[in-house]
Amino acid sequence: MTIERVANSAYAAPNAIFGRPDDRTVESYESELTRIRLREALAREEALRREKDELARKLGAWQETAANHVAGLTPRERQIMELVLAGHPSKNIAVDLGISQRTVENHRAAIMKKTGSKCLPALARLALAAAWNDATALRPSPELQNTREPDDDSERPRLADRFRGSASRLVPLGSDPC
């Protein structure tokens, strides 16, 4: 280096990231860019983790609310709700249970009012969420669970089996098709 260049570099303003202008090399640029990208990736990962935690909290609260709504039903209302969600019309439910069709319709109206559902798809979502909440609440701790995996899918309990036909028409959380 010449004396002039050394003198000028002594007075040159240092760059906050790379130091003095003469100290910059391709490797220093690349390593600093790598650090910046790593910090950005870690920040994105942290934001996604917070978002996932928030969604899990909201889902848990929604499942708890659904379970509370279903728990507020009488045993007869729960029985009728299961038959309605299985796709049976009021007339057939009345014949099967030995009650009048008007009584079934009154029970259906009480179910819709108590659960706050405005339509059958909303009631199906609520019932599935409540059943899911019950299934997770009753699951034994990992130490007590059987370590044997089911040999095939026929041994695995399916949540949607309880409400045949309604699982294929599920709508994502937050959207109300009613």
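See the structure shown above.
Draft legend 1. Broad picture of the overall build of the chain. Tallying secondary structure elements over the chain gives 6 helices and 0 strands in all. Overall, the chain shows an N-to-C arrangement of helices and strands of α-α-α-α-α-α. A sequence separation of at least 24 residues applies to 57% of the contacts in the chain between residues at least 6 apart.

Draft legend 2. The arrangement of the side chain of serine 90 in detail. Secondary-structure assignment places serine 90 in helix H4 (residues 90–97). The exposure class assigned to serine 90 is buried, which follows from its relative accessible area of 9%. In this structure serine 90 touches Gln101, Val104, Glu105 and Arg108, once residues within four positions along its chain are discounted.

Draft legend 3. How the structure looks around the packing of helix H3 (residues 75–85) against helix H5 (residues 101–115). One can describe the packing of H3 onto H5 by two numbers: an axis separation of 9 Å at closest approach and a directional angle of 95°. Between H3 and H5, the crossing angle belongs to the class labelled roughly perpendicular. Mapping the contact onto sequence places Arg76, Glu77, Ile80, Met81 and Val84 in H3 and Val104, His107, Arg108, Ala110, Ile111 and Lys114 in H5. Class assignment of the residues belonging to the contact of H3 with H5 gives a composition of 6 nonpolar, 1 polar and 4 charged.

Parameters at a glance
Numbers given for residues are sequential positions, taken from 1 along each chain in its written order. For a predicted model such as this one, the threshold for reporting local features is a pLDDT of at least 70, and the threshold for listing and counting side-chain atom pairs is 80 or more; totals across whole chains, interfaces and linings nevertheless cover every residue. Only heavy atoms go into the side-chain values, all of them from the structure, while hydrogens and water stay out. Counting from the N terminus, the helices are the DSSP runs of H or I reaching at least four residues and the strands are the DSSP runs of E reaching at least two. Any two residues having at least one pair of non-hydrogen atoms within 4.5 Å are treated as being in contact. Accessibility here uses a 1.4 Å probe with only protein chains present; expressed as a share of the type maximum, an area under 20% marks a residue as buried, one over 50% as exposed, and anything in between as partly exposed. Axis lines are fitted through C-alpha atoms, for helices just across the contact stretch, and the angle between N-to-C directions can take any value from 0 to 180 degrees. Should an angle fall under 35 degrees it is called roughly parallel, over 145 degrees roughly antiparallel, and 65 to 115 degrees roughly perpendicular, with every other angle called oblique. Put simply, Ala, Val, Leu, Ile, Met, Phe, Trp, Tyr, Cys and Pro go in the nonpolar bin, Asp, Glu, Lys and Arg in the charged bin, and everything else, Gly too, in the polar bin.

No statement about biological role is implied by the geometric values presented.
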